[in-house]
Amino acid sequence: DDVRALAPLTGGGSLAVVTGSRDKTAKLWQCSGSSSNVFAQTQTFVGHNDFVSAVAYVPPCAALASDARFSNGVVVTGSRDSKIILWTPTLTDPASELHAHKLQVTSLAVDTETGDIYSGSLDGTVRRWPAPNYLADSVEVGAHDGPVLCVAFVPASLLGGGSPAILSGSGDKSIKVWRDGACAMTITGHSDTVRGLCVCGNAVFSSSHDTTWRRWSLSGQCSVVGNGHTALVYSISAITNASSKTIVATGSEDETCRVWDGETGACLQVLEHPGCIWSVTFLPSGGNMPDLVTACGDAVGRVWTVDAQRAAPDEVAAGFAEALSSRKAALSSSGGGAGAGGGGDVAAAAALQGIPLKDRSVLQSAGRDGQTVVVQEGSEGVAYTWDGAASRWEKIGTVVS
């Protein structure tokens, strides 16, 4: 199933990444060395009752020193089942479960100095889970008028001292800055849902369903608007390279990951995929173009590098090219295109039943009890209904004419 979420494991000198999937699991992948092109699966975390929508990693810190389970840090997962689960990286059994959100956990962020975890949810709230007790000390940071789709942490050092801040992006089209238990600022500019957030240096980066990404100062001033995607932009990641330049990556419903100059907004590269890009993240591999990881709707996570010595073997590259070609052929035969939101026989079949065809983003928000939607999934239209009692979309089946 779709790979929905990514998080790099920082520290330790090795490259590693956690992935979360619609198959209800999270997996840990580790690279055997800085010159290797092999990321081996070293752990599978099973414990959620619904798809894993957010992942994060808390590196070892003073607050966790008293808990031997977390001597190697904490893997954190959030799910559509509304739970957050904490995992010891070397064990498969959950270390703790955190219950407080009423709907899907959409995003996670971490204060790497204190070990505190922040979460956003479709229930419209942002919560803080302080280390090391987490659940016992959970507190609501704030709330939006719409679902919270993303959160990002801002350390106090970037704010001139004092307390840190947490950013949240929402279906209400705004970004809010929370500090000292109150909303310190509301940032507006996007014309649709704010889906992704990250902080790099003294800048904030956001991605949106309005197909753009933006760069903001910490005072809320927009300095760059990135245009180029043709559909919803689900994810954004930024990193400072070896030349002290900011590089940005975005992932979209248009089935591309795009790499950008974070200071000018110029598109540097377009990476086509055989499916929707749900999440992107850079790895701390160094150089002027660090390694990049993408989470795709074809159930594959991919690591991209500019290092020719670490390029995938010919057979892997050939398999990717074939998957890309097959995907394009399927979209062409259905009369649609990547991120087009439907077409051809799928749209016709949906129309026969009097149900407008929707893009998959509709499944990220709560519906009305009994409400039915038809969404584009590849070359098919798939019907879902909202189960009010379970607070989730349930798949009915494929629409046929």
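The coordinates are above.
Here's what I pulled together on the structure shown here. Quick caveat: nothing in here was measured; it's all calculated off a predicted structure. (Residues numbered from 1 in each chain as written. Predicted model: local features only at pLDDT ≥ 70, side-chain atom pairs only at ≥ 80, totals over all residues. Heavy atoms only, no water.)

### A look at the overall build of the chain
The number of helices and strands found in the chain is two helices and 31 strands. For the chain, the proportion of its 401 residues judged to be buried stands at 51%. Across the chain, every contact between residues at least 6 apart in sequence was considered, and the portion connecting residues at least 24 apart equals 42%. Carbon and sulfur atoms make up 48% of the accessible area of the chain, which amounts to about 16200 Å² in all. (Helix = DSSP H or I, 4+ residues; strand = E, 2+ residues; numbered from the N terminus. Buried < 20%, exposed > 50% of the residue type's maximum accessible area, 1.4 Å probe, protein only. Contact = heavy atoms within 4.5 Å. Areas by Shrake-Rupley, 256 points an atom, 1.4 Å probe, with all protein chains shown as cover.)

### Quick word on the layout of surface pockets
The method is simple in principle: a probe with the dimensions of a water molecule rolls over the atoms, and the space it marks as empty is what remains. Taken as a whole, the second largest pocket spans an internal volume of roughly 900 Å³. Elements with a contribution of two residues or more to the lining of the second largest pocket: strand S2 (16–21), strand S3 (25–31), strand S27 (301–304) and helix H1 (314–333). (1 Å grid on protein atoms, 1.4 Å probe; cavity = no way out; pocket = protein on both sides within 12 Å on 5 of 7 lines; lining within 4 Å. Points joined across faces, edges and corners; volume = space filled by probe spheres on them.)

### Some remarks on the environment of arginine 360
Relative to the helices and strands, arginine 360 is located in the loop between strand S28 (357–358) and strand S29 (372–377). On a C-alpha basis, the gap between arginine 360 and valine 382 in space is 9.9 Å, while along the polypeptide they are 22 residues apart.

### A word on the state of the cysteines
This model, assessed by the stated rule, comprises zero disulfides. Its sulfur unpaired, cysteine 267 is 9.3 Å from the next cysteine sulfur, which belongs to cysteine 257. A residue is classified by how much of its surface remains accessible, and cysteine 267, at 36% relative accessible area, is partly exposed. (Disulfide = S-S within 2.5 Å.)

### A look at the side chain of lysine 176
Relative to the assigned elements, lysine 176 resides in strand S15 (residues 175–179). The charged side chain of lysine 176 is buried without a salt bridge, its nearest counter-charge being aspartate 172 at 5.4 Å. Setting aside anything within four residues of it in sequence, one finds lysine 176 in contact with Ala143, His144, Ile166, Leu167, Ser168, Cys183, Met185 and Thr186. (Lys, Arg positive; Asp, Glu negative; His and termini not counted. Salt bridge = Lys/Arg side-chain N within 4 Å of Asp/Glu carboxyl O.)

### Thoughts on the pattern of salt bridges
Counted by the stated rule, this structure contains eleven salt bridges. Its salt-bridge partner being aspartate 67, residue arginine 69 comes within 2.7 Å of it at the nearest N-O pair. Several salt bridges share partner residues, and in doing so they unite Asp81, Lys83 and Glu97 into one network.

### A word on the packing of aromatic side chains
Taken as a whole and assessed by the stated rule, the structure comprises six aromatic pairs. On the basis of an interplanar angle of 45 degrees and a centroid distance of 5.1 Å, the ring pair of phenylalanine 45 and tryptophan 87 is categorised as tilted. With phenylalanine 45 in strand S4 (residues 39–46) and tryptophan 87 in strand S7 (residues 84–87), this pair connects stretches of sequence that are 42 residues apart. Ring geometry for tryptophan 213 against tryptophan 260: centres 5.6 Å apart, planes inclined by 65 degrees, an arrangement best described as edge-to-face. Linking tryptophan 213 in strand S19 (residues 213–217) with tryptophan 260 in strand S23 (residues 256–261), this pair joins segments that are 47 residues apart in sequence. Pair check on accessibility: tryptophan 213 and tryptophan 260 agree, each one buried. The lysine or arginine in question, arginine 22, covers the ring of phenylalanine 51, its NZ or CZ lying 4.9 Å from the ring centre. Cation over ring: arginine 127 sits above tryptophan 129, and NZ or CZ is 5.8 Å from the ring centre. (Phe/Tyr/Trp six-rings, centres within 6.5 Å; stacked < 30°, edge-to-face > 60°. Lys NZ or Arg CZ within 6 Å of the ring centre and 35° of its normal.)

### What about H1?
Helical periodicity: at 3.6 residues per turn, an α-helix aligns residues three or four positions apart in one direction. Its 20 residues give H1 an end-to-end C-alpha distance of 29 Å, which sits within 8% of 28 Å, the value for a rise of 1.5 Å per residue. Next to the buried residues of H1 lie strand S24 (267–272). (Expected span 1.5 Å × (residues − 1).)

### A few points about the nonpolar core
Core analysis: the largest hydrophobic core is formed by 18 residues, its most contacted members being Val76, Leu86 and Tyr134. Only strand S5 (52–58), strand S6 (74–79), S7 and strand S9 (105–110) provide two or more residues apiece to this core. Filtering out sequence-adjacent residues up to four positions away, tyrosine 134 remains in contact with Val58, Leu64, Leu86, Leu98, Gly115, Ile117 and Trp129. Membership of the second largest hydrophobic core comes to 14 residues, among which are Leu28, Val55, Tyr57 and Val75. (Core = buried A, V, L, I, M, F, W, Y, C linked by side-chain atoms within 4.5 Å.)

### So, the sheet that holds strand S17 (residues 194–200)
Pairing is antiparallel across the open sheet formed by four strands, whose spatial order is S17-S18-S19-S20. The sheet is open, and its two borders are formed by S17 and strand S20 (222–226), each paired with just one other strand. Going from strand to strand, the sheet's axes swing by 20 degrees on average, the running direction of each strand aside. Across four bridges, the pairing between S19 and S20 is antiparallel. Looking at S20, one finds that arginine 215 is bridged to valine 224. (Pairing = 2+ DSSP bridges. Axes fitted to C-alpha atoms, helices over the stretch in contact; angles between N-to-C directions.)

### Digging into the sheet that holds S5
Pairing is antiparallel in the open sheet, where four strands are placed in the order S5-S6-S7-S8. Of all the strands in the sheet, just S5 and strand S8 (94–98) have a single pairing partner and so form its edges. Across this sheet, the average inter-strand angle for adjacent strands is 20 degrees, counted without regard to direction. Relative to S7, S6 is paired through four bridges, and the arrangement is antiparallel. Looking at the pairing, valine 76 lines up with leucine 86 of S7.

### A closer look at the pairing of S27
Inspection of the sheet shows strand S26 (residues 292–296) paired to S27 by four bridges, in the antiparallel sense. Along S27, the bridge assignment pairs threonine 294 with arginine 302. From the end of S26 to the start of S27, which pair antiparallel, there are four residues, and alanine 299 there has a positive phi angle of about 75 degrees.

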